[in-house]
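Next come the chains, spelled out residue by residue.
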Amino acid sequence: MTEATFQTWEAAGKKRNGQRLKRLLDIVLALVLLVPVIPALLVLYVVVLVKDGRPFIYRSRRNTTFTQEFDLMKIRTMRTVPAHENVGITGGHKKGRITKLGRYLRNHRLDELPQLWNVLKGEMSFVGPRPPEPRYVAACPEIYQQVLLDRPGITGLASIIFHSHEEKMLAECNSQEESEDVYVRRCIPRKAHLDMIYHRNKSPMLDLYVLYLTAAKLLPLPGRRAARIRGQ
């Protein structure tokens, strides 16, 4: 066996071990969080049904790998419309559809609680690139062939660093066409850049740090970067 072959096998083994460890941490954390999340979901189920009616869960088709898709689960935050009107990214043209309760759920990321089920099923991780809709994978195949080397996450570097800026840009869009153009041309490449930084540096410690900064968006956690994240 040559030294190059040994190094290749060694690198592949480390990668597999890293993936197993990340998956194990996902399962353990998801099971721990289910204890407070299940009662919270029951309360939210009642509140959403009283305030906004059915359905409680919104399913969105997303990619978990470049070729495999799954149903991402969220608490519904928008008024329902026919399927052909509910296409593509949410820009300023859709803001009238977001309910008052839905806006609160989005601001506090409570609408993403059902994604614990996606994590348990292995379709998502806690940390990774946000799962794209198939339409954007088809529009930007070169980008997503790289980004989707990692299992999509509930949060990630792009979610922390770029999400607020993305929301501001999309909020200024007044049509579906304008929203699509801004998202594909300006948002996807920037998010992909951050996702690839994560890919090159991923580790359990980085995942814990990303989770900490995500929590800092909602809680007064210490740290200058955490304070800067809250101020976005």
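Residues numbered from 1 in each chain as written. Predicted model: local features only at pLDDT ≥ 70, side-chain atom pairs only at ≥ 80, totals over all residues. Heavy atoms only, no water.

1. Topic: the nonpolar core
Test applied: Nonpolar cores are built from buried Ala, Val, Leu, Ile, Met, Phe, Trp, Tyr and Cys residues. Side-chain atoms within 4.5 Å join them into one set. A 1.4 Å probe rolled over the protein chains alone gives each residue an accessible area, and that area as a share of the maximum for its type sets the label: buried under 20%, exposed over 50%, partly exposed in between. Secondary structure elements follow DSSP: runs of H or I no shorter than four residues count as helices, runs of E no shorter than two count as strands, and numbering proceeds from the N terminus. It only takes one pair of heavy atoms within 4.5 Å for two residues to be counted as in contact.
Phe126, Tyr144 and Tyr183 are the most contacted members of the largest nonpolar core, which totals 45 residues. It is helix H8 (residues 176–201) that contributes the most residues to this core, eight residues altogether. In this view, Phe126 contacts Asp26, Leu29, Ala30, Leu33, Leu116, Val119, Gly153, Ile154, Thr155 and Leu211; residues no more than four positions away in its chain are not counted.

2. Looking at the pattern of salt bridges
Heads up, the condition is: Take a side-chain nitrogen of Lys or Arg and a carboxyl oxygen of Asp or Glu: if they are within 4 Å of each other, that pair is a salt bridge.
Applying the stated criterion across every chain yields a total of ten salt bridges. Between Lys191 and Glu166 there is a salt bridge, with the nearest N and O atoms lying 3.3 Å from each other. Of this pair, Lys191 sits in helix H8 while Glu166 sits in helix H7 (residues 163–171), and the two are 25 residues apart along the sequence. When sorted by exposure, Lys191 lands in the same class as Glu166, which is buried. Bridged by salt links that share partners, the residues Arg61, Glu69 and Asp71 form one connected network.

3. Description of helix H2 (residues 100–107)
Test applied: Picture the helix axis, draw a direction to every C-beta atom, and the arc is the one those directions span.
Listed as buried for H2 are Leu101, Gly102 and Leu105. Along the axis of H2, the buried positions cluster into a sector of 100°, meaning they face one direction only. Opposite the buried face of H2, at more than 90 degrees from it, the exposed residues are Lys100 and Asn107. Two residues or fewer past H2, Arg109 is found with a positive phi of approximately 60°.

4. Notes on the packing of H7 against H8
Spelled out, the test is: The convention used is that axes are lines fitted to C-alpha atoms, helices contributing only their stretch in contact, and that angles between N-to-C directions extend from 0 to 180 degrees. Oblique is the label for every angle not falling under 35 degrees (roughly parallel), over 145 degrees (roughly antiparallel), or within 65 to 115 degrees (roughly perpendicular). Left-handed describes a crossing whose near helix is turned anticlockwise from the far helix through less than a right angle; right-handed describes the clockwise counterpart. Three residue categories are used. Nonpolar comprises Ala, Val, Leu, Ile, Met, Phe, Trp, Tyr, Cys and Pro, charged comprises Asp, Glu, Lys and Arg, and polar comprises the others, including Gly.
Two numbers describe how H7 lies on H8: the axes approach to 10 Å, and their chain directions differ by 165°. Here H8 runs roughly antiparallel to H7, going by the angle between their axes. Considering how the two elements wind past one another, H7 and H8 form a crossing that is right-handed. Packed against H7, whose contacting residues are His165, Glu166, Met169 and Leu170, the element H8 presents Ser179, Val182, Tyr183, Arg186, Cys187, Arg190 and Lys191 at the interface. Taken together, the residues of the contact of H7 with H8 break down into five nonpolar, two polar and four charged.

5. Regarding the pairing of strand S2 (residues 69–75)
Within a regular strand, side chains alternate between the sheet's two faces. Applied cut-off: A pair of strands is treated as paired once DSSP finds two or more bridges between them.
Extensive coverage of S2 is indicated by the burial of five of its seven residues. Strand direction decides the pairing type here: strand S1 (residues 57–63) and S2, joined by seven bridges, are antiparallel. In the sheet register, Arg59 faces S2, and the bridge partner there is Met73. In this antiparallel pair of consecutive strands, S1 and S2, the connection spans five residues.

6. Things to note about the packing of aromatic side chains
Operational definition: Put simply, two rings from Phe, Tyr or Trp (the six-membered ring, in Trp's case) pair if the centres are within 6.5 Å, and we call them stacked under 30 degrees between planes, edge-to-face over 60, tilted for the rest. Consider the ring centre and the ring normal. A charge sits over the ring if Lys NZ or Arg CZ is within 6 Å of that centre and within 35 degrees of that normal.
Taken as a whole and judged by the stated rule, the model has two aromatic pairs. With a centroid separation of 5.2 Å and 80° between ring planes, the pair formed by Tyr45 and Phe56 is classed as edge-to-face. Here Tyr45, found in helix H1 (residues 3–51), pairs with Phe56, found in the loop between H1 and S1; they are eleven residues apart in sequence, far enough to count as distant. When its relative accessible area of 12% is taken as the criterion, Phe56 is described as buried. Directly above the ring of Tyr136 sits Arg135, whose terminal nitrogen or CZ lies 5.6 Å from the centroid.

7. A look at the state of the cysteines
Each disulfide consists of a covalent bond between the sulfur atoms of two cysteine residues. Heads up, the rule is: The disulfide definition used here is simple: a pair of cysteine sulfur atoms within 2.5 Å.
For the coordinates displayed, the defined rule picks out zero disulfides. Take Cys140: it sits in no disulfide, and the sulfur closest to it among the cysteines is that of Cys187, at 11 Å. Left without a disulfide partner, Cys173 is nearest to the cysteine sulfur of Cys187, which lies 7.9 Å away. The exposure class assigned to Cys173 is buried, which follows from its relative accessible area of 1%.

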